[in-house]
Amino acid sequence: AQSVTQPDIHITVSEGASLELRCNYSYGATPYLFWYVQSPGQGLQLLLKYFSGDTLVQGIKGFEAEFKRSQSSFNLRKPSVHWSDAAEYFCAAAMDSNYQLIWGAGTKLIIKP
Amino acid sequence: NAGVMQNPRHLVRRRGQEARLRCSPMKGHSHVYWYRQLPEEGLKFMVYLQKENIIDESGMPKERFSAEFPKEGPSILRIQQVVRGDSAAYFCASSPEQGALYGYTFGSGTRLTVV
């Protein structure tokens, strides 16, 4: 079955530390892949997306993600987190449908001062 | 250029009442998508509409739920005879052409609470 999995429900990192949020998908081909961020009570903002080409994708707010076909993964990274990065992060994929996104359950990022 | 506008932001309904959620897409966007986010879960696709047409409603419950996107005015998601299980955040997104390839812009959502 087509699915997107974010194995970490919560992640806590210290301010200034590096961050990696995991995302795996289940699909027979390469989907379109996205990372969104949701601040409390807010809508979703697109951080970055991958369709094809260079497997390292740069996004907004200093985030990047790397697509690894062999691992069916699209992990999100940031070299140094800021307190304002505390939010919930969602990985999503468009698979058979080019408009219907399949979402992971989200990872809540907590920043320690 | 205003983003996607959803209203109301919060809506409380008693069981059995009707809920009407509105979504005005970004200017120039004629494709609208509705998603539902249950507590502690990711979003689930509900319906995709273009002006005056429902393109795909495969994610919408067959009963009590309906959606429209008229020629003039916002897209409306209507839930009749609400039940507690309808409590969720409902997000609308729009795009200039069909598909995530063109980038979705999401609204801030409507948080429906059924009491």
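Within each chain, residue numbers correspond to sequence positions counted from 1 in written order. Lettering of chains starts at A and numbering of ligands starts at 1, both following the order in which they are written. Note on the predicted model: pLDDT of at least 70 is required for a residue's local features to be given, and 80 or more for side-chain atom pairs to be given and counted; whole-chain, interface and lining totals, by contrast, use all residues. With hydrogens and water excluded, all non-hydrogen atoms of the structure serve as input to the side-chain values.

Caption draft 1: Quick look at the interface of chain A and chain B. Each partner contributes to the interface: chain A provides 20 residues, whereas chain B provides 23 residues. Buried area: the accessible area, evaluated with a 1.4 Å probe, that two parts lose upon being put together, summed over both parts. Contact between chain A and chain B buries roughly 1700 Å² in total, counting both sides, with carbon and sulfur atoms accounting for 53%. Interface area lost by chain A to chain B is led by L44, Y99 and W103 of chain A, which between them contribute 34%. Criterion for a salt bridge: a side-chain nitrogen of Lys or Arg within 4 Å of a carboxyl oxygen of Asp or Glu. Viewed at the interface, chain B and chain A are joined by 0 salt bridges. Here a polar contact is recorded for every N or O atom pair within 3.5 Å, except that within protein the pair must consist of a potential hydrogen donor and a potential acceptor, and residues adjacent in sequence are included only if both atoms are side-chain atoms. Where chain A meets chain B, there are 7 residue pairs in polar contact (both at pLDDT 80 or more). Helix and strand assignments follow DSSP, with helices taken as H or I runs no shorter than four residues and strands as E runs no shorter than two, numbered in order from the N terminus. Per-element tally for the side of chain A that touches chain B: the top contributor is strand β5 (residues 32–38) of chain A, with 4 residues. Each residue belonging to the side of chain A that touches chain B can be placed in one class, and the counts come to 11 nonpolar, 7 polar and 2 charged. We call two residues in contact when some of their heavy atoms are within 4.5 Å. We call Asp, Glu, Lys and Arg charged. Ala, Val, Leu, Ile, Met, Phe, Trp, Tyr, Cys and Pro are nonpolar, and the rest, Gly among them, are polar.

Caption draft 2: Spatial organisation of unusual backbone geometry. Residues and elements named next belong to chain B. Cis geometry is found at the peptide bond from N7 to P8, where omega equals -5°. The backbone of E52 sits at a positive phi, close to 65°, despite the residue not being glycine. Positionally, E52 belongs in the loop between β5 (43–50) and β6 (53–56). Positive phi, normally seen in glycine, also occurs at R64, with a value near 75°. Three exposure classes are used, based on accessible area relative to the maximum for each residue type with a 1.4 Å probe and protein chains only: buried under 20%, partly exposed in between, and exposed over 50%. Judged by relative accessible area, R64 falls into the partly exposed class, the value being 24%.

Caption draft 3: Spotlight on the pairing of strand β9 (residues 88–95) of chain B. Residue and element names in this part refer to chain B. Counted residue by residue, β9 has 8 buried out of 8 residues, so it is predominantly covered. A two-sided burial pattern is seen for β9, the buried positions comprising A88, Y90, C92 and S94 on one face and A89, F91, A93 and S95 on the other. By the convention used here, strands pair only if DSSP detects at least 2 bridges between them. Two strands pair when backbone bridges link them, and β9 and strand β11 (residues 110–114) are joined in this way by 3 bridges, in the antiparallel orientation. Opposite A89, over in β11, you have R111 as the bridge partner. Here 2 bridges tie β9 to strand β10 (residues 105–106), and the two strands are oriented antiparallel to one another. Looking across to β10, one finds that A93 is bridged to F106.

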